[in-house]
Amino acid sequence: MVLLLRLFIEFFKIGIVTFGGGQAMLPLLQHSFVTELHWITQERFLYFVSVAEVTPGPVALNMSTFIGYELSGVIGSAFATLGVVMPSFLVILAVAHFEKKFKENVIYKRFMLGVKPVIIALLINAIYLIVSRGFVGFIPYIMAIVSLAVFILYKKSPVLILLIAGVIGVFVLR
């Protein structure tokens, strides 16, 4: 029961400070569960990131489910998922209730302007994490550059690009 409560609290703490979506959460998850707590290995973390990216649903939700399941089975995944979702749920309730006041509030506007650069930094950190520890050889770099170019130049669906890259990975990467 202690592990389940700790899982909930760790994911709640990460969920409450993460702005910018699941990718922005990745460095915090890595720091907490790999570096600080040593609950999962770096290799396992990168595996979860890969699976979370191609699994339907939000990355943060998928990561919490996978890590929770790894540590304590189905009940662990439920506690971890609830922990990561609860802060957003509570904030959405508050924003919905006070929406008009928030929208016109100068402090809220300035806060959001201050948060945006940090979101970019967290996303860049997530990219660095994946590239520095997850890419072996030059082919993944080429795939990343080509995928970005196809996404930007041709406006193709990220899902389509992920599926094609996954198929290429099956046949080309080892």
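Use the structure listed above.
Here's what I pulled together on the structure shown here. For every chain, the first residue of its written sequence is number 1, and the numbers climb from 1 along that sequence. Selection of residues for local features in this predicted model requires a pLDDT of at least 70, selection of side-chain atom pairs for listing and counting requires 80 or more, and totals for whole chains, interfaces and linings are taken over all residues. Calculation of side-chain values draws on the structure's entire complement of heavy atoms; hydrogens and water are dropped beforehand.

Moving on to the environment of Ile-142. Put simply, DSSP marks the helices as runs of H or I at least four residues long and the strands as runs of E at least two long, and each gets a number from the N terminus on. Along the chain, Ile-142 falls in helix H6 (residues 139–154). Think of it in three bands: with a 1.4 Å probe and only protein chains considered, a residue is buried below 20% of the maximum accessible area for its type, exposed above 50%, and partly exposed in between. For Ile-142, a relative accessible area of 44% translates into the label partly exposed. Between the alpha carbons of Ile-142 and Ser-32 there is a distance of 31 Å; along the sequence they are 110 residues apart.

For the rest of this paragraph, the subject is unusual backbone geometry. The phi torsion at His-38 lies on the positive side, around 55°, for a residue other than glycine. If you trace the backbone, His-38 turns up in the loop between helix H2 (22–36) and helix H3 (42–54).

Time to look at the pattern of salt bridges. Note on definitions: salt bridges are taken to be side-chain nitrogens of Lys or Arg within 4 Å of carboxyl oxygens of Asp or Glu. In the structure shown here, the tally under the stated rule is three salt bridges. A salt bridge links Glu-10 to Arg-6, with the shortest nitrogen-to-oxygen separation between them at 3.2 Å. Of this pair, Glu-10 and Arg-6 both sit in helix H1 (residues 2–17), separated by four residues, roughly a single helical turn. A relative accessible area of 5% means that Glu-10 is categorised as buried. Judged by relative accessible area, Arg-6 falls into the partly exposed class, the value being 36%. Its salt-bridge partner being Arg-44, residue Glu-70 comes within 3.0 Å of it at the nearest N-O pair. In this pair, Glu-70 sits in helix H4 (residues 59–104) while Arg-44 sits in helix H3, placing the two residues 26 residues apart along the sequence. Since its relative accessible area comes to 30%, Arg-44 is described here as partly exposed.

Across soluble globular proteins, nonpolar side chains show a tendency to be buried alongside one another. By convention a nonpolar core is built from buried Ala, Val, Leu, Ile, Met, Phe, Trp, Tyr and Cys residues, the set being connected through side-chain atoms within 4.5 Å. If you look at the biggest cluster of nonpolar residues, it comprises 22 residues, and the most contacted ones within it are Phe-11, Leu-26, Leu-29, Phe-33, Phe-45 and Met-63. Secondary structure elements with two or more residues in this core: H1, H2, H3 and H4. The greatest single-element share of this core, amounting to six residues, is contributed by H4. Pairs of residues are marked as contacts when any of their non-hydrogen atoms sit within 4.5 Å. Apart from residues no more than four positions distant in its own chain, Phe-11 is found in contact with Leu-29, Phe-33, Met-63, Ser-64, Ile-67, Ala-80, Gly-83 and Val-84.

Side chains three or four residues apart in an α-helix point the same way, a direct result of the helix having 3.6 residues per turn. Relative to the 22 Å expected for 16 residues at 1.5 Å per residue, H6 spans 21 Å between its end C-alpha atoms, a close match to the ideal helical length. Two residues or fewer past H6, Lys-155 is found with a positive phi of approximately 55°. An expected span of 1.5 Å times one less than the residue number is assigned to each helix.

Let us look at the packing of aromatic side chains. The description of an aromatic ring pair uses the distance of the two centres, along with the angle that the planes make with each other. Centres within 6.5 Å are what make two rings of Phe, Tyr or Trp a pair, Trp counting through its six-membered ring; a difference in plane orientation under 30 degrees is then read as stacked, over 60 as edge-to-face, and the rest as tilted. Tallied over the full model, the rule gives five aromatic pairs. With a centroid separation of 6.0 Å and 55° between ring planes, the pair formed by Tyr-47 and Phe-48 is classed as tilted.

Right, let's get into a nonpolar patch on the surface. Candidate patch residues must exceed 30% relative accessible area and have no salt bridge, after which like charges are joined if within 9 Å and Val, Leu, Ile, Met, Phe, Trp or Tyr side chains if within 5 Å. The method behind every accessible area is Shrake-Rupley, applied with a 1.4 Å probe, and residues are considered shielded solely by the protein chains displayed. On the surface, a cluster of nonpolar side chains totalling about 710 Å² of accessible area is made up of Leu-160, Ile-164, Val-167, Ile-168, Val-170, Phe-171, Val-172 and Leu-173. Mapped onto the secondary structure, Phe-171 falls in helix H7 (residues 158–172). Assessed through its relative accessible area of 63%, Phe-171 is described here as exposed.

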